[in-house]
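# Breakdown of the fold
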Amino acid sequence: MKPFLKRFFKGVFIIIFAVALIVLGFFINKFDLDKLKPAKLVEQIPYGLVIEVSSYEDAEFYDSKNEFIGAEIRIKVEFESKIEPAAKLPVEYKQGVRKAYSEIDLYVKDIESKEQLEKMKQALEEIGYIKLIESEGIQADYVEKKIDGKKIKSLAKLYLKPDNYYFVKY
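Presented here is an overview of the structure given in this document. Treat the numbers as computed from the prediction; the structure is a model and nothing was measured.

## Focus on the pairing of strand 3 (residues 68-80)
Sheet analysis places strand 2 (residues 50-62) next to strand 3, joined by 10 bridges and oriented antiparallel. Following the sheet pairing, Phe61 is matched in strand 3 by Gly70. Two successive antiparallel strands, strand 2 and strand 3, enclose a turn made up of five residues, where Asn66 displays a positive phi of approximately 65°. Across nine bridges, the pairing between strand 3 and strand 5 (residues 101-111) is antiparallel.

If you want it as structure tokens, here you go:
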């Protein structure tokens, strides 16, 4: 009789535990208790921010007949990070006493002609400021870093097309 009672109580305990988890899940959804979970801090893409160009490198691609088939430019930039949700940041960053900066690479792909490449290189040398346009063609790579012990998904690389940004002259 004792092994039967042990199995019976184990089964009852498992059923009660499963019902408790279901009820807990229901109340979390009903009363919006998701706010209690720690929010992930994510650096935002700097749309609308004027970014200064630190340096750039270009690469040209040719086919077997030595004809130009495309190019890409890697632009190194540095800017003040905007991290969301700001309410979860350490106090010094919320108040603006300390600021986080990001140094990332912008990869401009799909440059179709040598003339377009030359114009872009000339603009990078003369103007030196870029502003990103909010569009669907931008892809981002993130890395995880820490700011005062808090994990943040920070931007590492942005992949752009020539129509995802424009040059700003001061």
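Following the structure, the description resumes.
## Some points on unusual backbone geometry
Each neighbour pair has its own omega, and for Glu84 with Pro85 the value is -10°, a cis peptide bond. The residue Pro85 is located in the loop between strand 4 (83-84) and helix 2 (91-95) in this model.

## Let's talk about the nonpolar core
In terms of nonpolar packing, the biggest core is built from 22 residues, with Ile75, Val77, Leu106, Ile130, Leu132, Leu158 and Leu160 touching the most fellow members. In terms of residue count, the dominant contributor to this core is strand 3 (five residues). Those residues within four positions of Leu106 in sequence are excluded, and the remaining contacts are Ile73, Arg74, Ile75, Val77, Ile130, Leu158 and Leu160. Leu41, Ile83, Leu89 and Ile147 belong to the second largest nonpolar core, which has seven residues in total.

## What about the side chain of Glu43?
Along the chain, Glu43 turns up in strand 1 (residues 41-43). One buried charged residue, Glu43, remains without a salt bridge, the closest side chain of opposite sign being Lys145 at 5.1 Å. Here Leu155 takes part through its backbone nitrogen, which lies 2.9 Å from a polar atom of the side chain of Glu43.

## Quick look at the packing of aromatic side chains
All told, the structure shown has six aromatic pairs when counted by the stated rule. For the pair Tyr107 and Tyr159, a centre-to-centre distance of 5.4 Å together with 25° between the ring planes defines the contact as stacked. Placement of Tyr107 in strand 5 and of Tyr159 in strand 8 (residues 150-160) is noted, with a sequence separation of 52 residues between them. According to the relative accessible area criterion, Tyr107 is buried, its value standing at 15%. Relative to Phe167, the ring of Tyr165 has its centre 5.5 Å away and its plane inclined at 85°; by these criteria the two rings are edge-to-face. Overall, Tyr165 belongs to the buried group, its relative accessible area being 7%. Judged by relative accessible area, Phe167 falls into the partly exposed class, the value being 25%. Over the ring of Tyr142 we find Lys153; its NZ or CZ atom is 5.1 Å from the centre of that ring.

## Here's the deal with the pattern of salt bridges
As enumerated under the stated definition, the model contains nine salt bridges in all. For Lys121, the salt bridge identified is with Asp58, shortest N-O distance 3.6 Å. Of this pair, Lys121 sits in helix 3 (residues 114-126) while Asp58 sits in strand 2; the two residues are 63 residues apart in sequence, bridging distant segments of the chain. Residue Asp58 is classed as partly exposed on the basis of its relative accessible area of 32%. Where Asp105 meets Lys76, a salt bridge forms, and the shortest distance between an N and an O atom there is 3.1 Å. Taken together, the residues Asp105 in strand 5 and Lys76 in strand 3 connect sequence positions 29 residues apart.

## Some points on the environment of Glu78
Structurally, the position occupied by Glu78 is in strand 3. With 27 residues separating them in the primary sequence, Glu78 and Asp105 have C-alpha atoms 8.8 Å apart.

Here is what the cut-offs are and how they apply
- In every chain, residue numbers begin from 1 and rise along the written sequence.
- Note on the predicted model: pLDDT of at least 70 is required for a residue's local features to be given, and 80 or more for side-chain atom pairs to be given and counted; whole-chain, interface and lining totals, by contrast, use all residues.
- In computing side-chain properties, one takes all heavy atoms of the structure into account and sets aside hydrogens as well as water.
- Following DSSP output, two strands are said to pair if at least two bridges run between them.
- Helical segments are the DSSP runs of H or I of at least four residues, strand segments are the runs of E of at least two, and each set is numbered from the N terminus.
- Only buried Ala, Val, Leu, Ile, Met, Phe, Trp, Tyr and Cys residues count toward a nonpolar core, and they belong to the same one when joined by side-chain atoms within 4.5 Å.
- Each residue gets one of three labels from its accessible area relative to the maximum for its type: buried under 20%, exposed over 50%, partly exposed in between, using a 1.4 Å probe on protein chains only.
- Contact criterion: two residues are considered in contact whenever any of their non-hydrogen atoms come within 4.5 Å of each other.
- The charge count treats Lys and Arg as positive and Asp and Glu as negative. His and the chain ends do not count.
- Basic side-chain nitrogens of Lys or Arg form a salt bridge, by our definition, when they fall within 4 Å of a carboxyl oxygen of Asp or Glu.
- Polar contacts here mean pairs of N or O atoms no more than 3.5 Å apart (in protein, one a potential hydrogen donor and the other a potential acceptor; neighbouring residues in sequence count only if both atoms are side-chain atoms).
- Two aromatic rings from Phe, Tyr or Trp, using only the six-membered ring of Trp, form a pair when their centres are within 6.5 Å; if the ring planes differ by under 30 degrees the pair is stacked, by over 60 it is edge-to-face, and anything between is tilted.
- When the NZ atom of lysine or the CZ atom of arginine is within 6 Å of a ring's centre and also within 35 degrees of its normal, the charge is said to sit over that ring.

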